[in-house]
Amino acid sequence: MILLDSHTFVWLAGGDKRLGSEARRLIREAFRDDSLYLSPISLWEISLKTSRGKMLLDRPLRPWMNDALRLTRARLVPITPEIAIECAELPAEFHGDPADRIIASTARVASLQLLTDDGKLLDLASKGYFRAQRI
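Just so it is clear, the model here is predicted, and its values are computed rather than measured.

Thresholds, definitions, all that
Residues numbered from 1 in each chain as written. Predicted model: local features only at pLDDT ≥ 70, side-chain atom pairs only at ≥ 80, totals over all residues. Heavy atoms only, no water. Pairing = 2+ DSSP bridges. Helix = DSSP H or I, 4+ residues; strand = E, 2+ residues; numbered from the N terminus. Contact = heavy atoms within 4.5 Å. Axes fitted to C-alpha atoms, helices over the stretch in contact; angles between N-to-C directions. Core = buried A, V, L, I, M, F, W, Y, C linked by side-chain atoms within 4.5 Å. Buried < 20%, exposed > 50% of the residue type's maximum accessible area, 1.4 Å probe, protein only. Salt bridge = Lys/Arg side-chain N within 4 Å of Asp/Glu carboxyl O. Parallel < 35°, antiparallel > 145°, perpendicular 65-115°, else oblique. Left-handed = near helix turned anticlockwise from the far one by under 90°. Nonpolar A, V, L, I, M, F, W, Y, C, P; charged D, E, K, R; others polar.

(A) Geometry of the sheet that holds strand 3 (residues 75-76). Taken together, five strands build an open sheet; the order of strands is 3-2-1-4-5 and the sheet is parallel. The sheet is open, and its two borders are formed by strand 3 and strand 5 (131-134), each paired with just one other strand. Two strands pair when backbone bridges link them, and strand 1 (residues 2-4) and strand 2 (residues 36-38) are joined in this way by three bridges, in the parallel orientation. Residue pairing for strand 2: Leu 4 is matched across the bridge by Leu 38. Where helix 2 (residues 21-32) meets the sheet, its contacts fall on strand 1, strand 2, strand 4 (113-116) and strand 5, and the angle it forms with strand 4 comes to roughly 135°.

(B) Looking closely at the nonpolar core. Counting residues in each nonpolar core, the largest one holds 23 residues, and the members touching the most others are Ile 2, Leu 4, Phe 9, Ile 46, Trp 64 and Leu 115. Broken down by secondary-structure element, the contributors of at least two residues to this core are strand 1, helix 1 (6-14), helix 2, strand 2, helix 3 (40-51) and helix 4 (61-72). Of all hydrophobic cores here, the second largest spans 19 residues; its members include Leu 90, Ala 99, Leu 112 and Leu 121.

(C) Here's a closer look at unusual backbone geometry. A positive phi angle, near 55°, is found at Arg 73, a position not held by glycine. The residue Arg 73 is located in the loop between helix 4 and strand 3 in this model. By relative accessible area, which is 41% here, Arg 73 ends up partly exposed. Unusually for a residue other than glycine, Ser 111 sits at a positive phi of about 55°. Assignment of secondary structure puts Ser 111 in the loop between helix 6 (98-110) and strand 4.

(D) Fine view of the pattern of salt bridges. In the structure shown here, the tally under the stated rule is 12 salt bridges. With a closest N to O distance of 3.6 Å, Asp 33 and Arg 32 form a salt bridge. Asp 34 serves as the salt-bridge partner of Arg 75, at 3.9 Å between the closest nitrogen and oxygen. Of the two residues, Arg 75 is situated in strand 3 and Asp 34 in the loop between helix 2 and strand 2; the sequence distance between them amounts to 41 residues. Shared partners join several salt bridges into a network, and the residues in it are Asp 58, Arg 59, Asp 67 and Arg 70.

(E) Geometry of the pairing of strand 5. As paired strands, strand 4 and strand 5 are joined by four bridges and run parallel to one another. Considered in strand 5, the bridge of Leu 114 is made with Ala 132.

(F) Examining the packing of helix 3 against helix 4 more closely. One can describe the packing of helix 3 onto helix 4 by two numbers: an axis separation of 11 Å at closest approach and a directional angle of 150°. In terms of orientation, helix 3 and helix 4 fall into the roughly antiparallel class. When the axes of helix 3 and helix 4 are compared, the crossing they make is right-handed. Judged by residue contacts, Leu 43, Ile 46, Ser 47 and Thr 50 of helix 3 engage Leu 61, Trp 64, Met 65 and Leu 69 from helix 4. Grouping the amino acids of the contact of helix 3 with helix 4 by side-chain chemistry returns six nonpolar, two polar and no charged.

Don't take any of this as a statement about function, it's just geometry.
Spelled out as structure tokens, the structure:
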């Protein structure tokens, strides 16, 4: 059961070559088992970055997002009260980015392995808060 970080979702949807062989293997297995997950906060993060010009997509946001969700078949994990509360229980020094805090909390609460290239998330995972794999 795999949770995609926001950039991992973007790379997967776009066929980006930065996904390593182990990440591709894990994604293939999760895709086959219908156990590939995404937090809705990733959709918010992608939308915000696109609207601010920090992320460029090959087409307008709405069709890109619909196509990416259909292509990856990622299942959305609702942001539950438990996930929201878990954000407060992560170390204060971890990260001020609300998206990363929710993604980390989602991985922790839902017992999902996070696929990411984010050093801060990988560092937190190495301390036992959740499982993660560098892409």
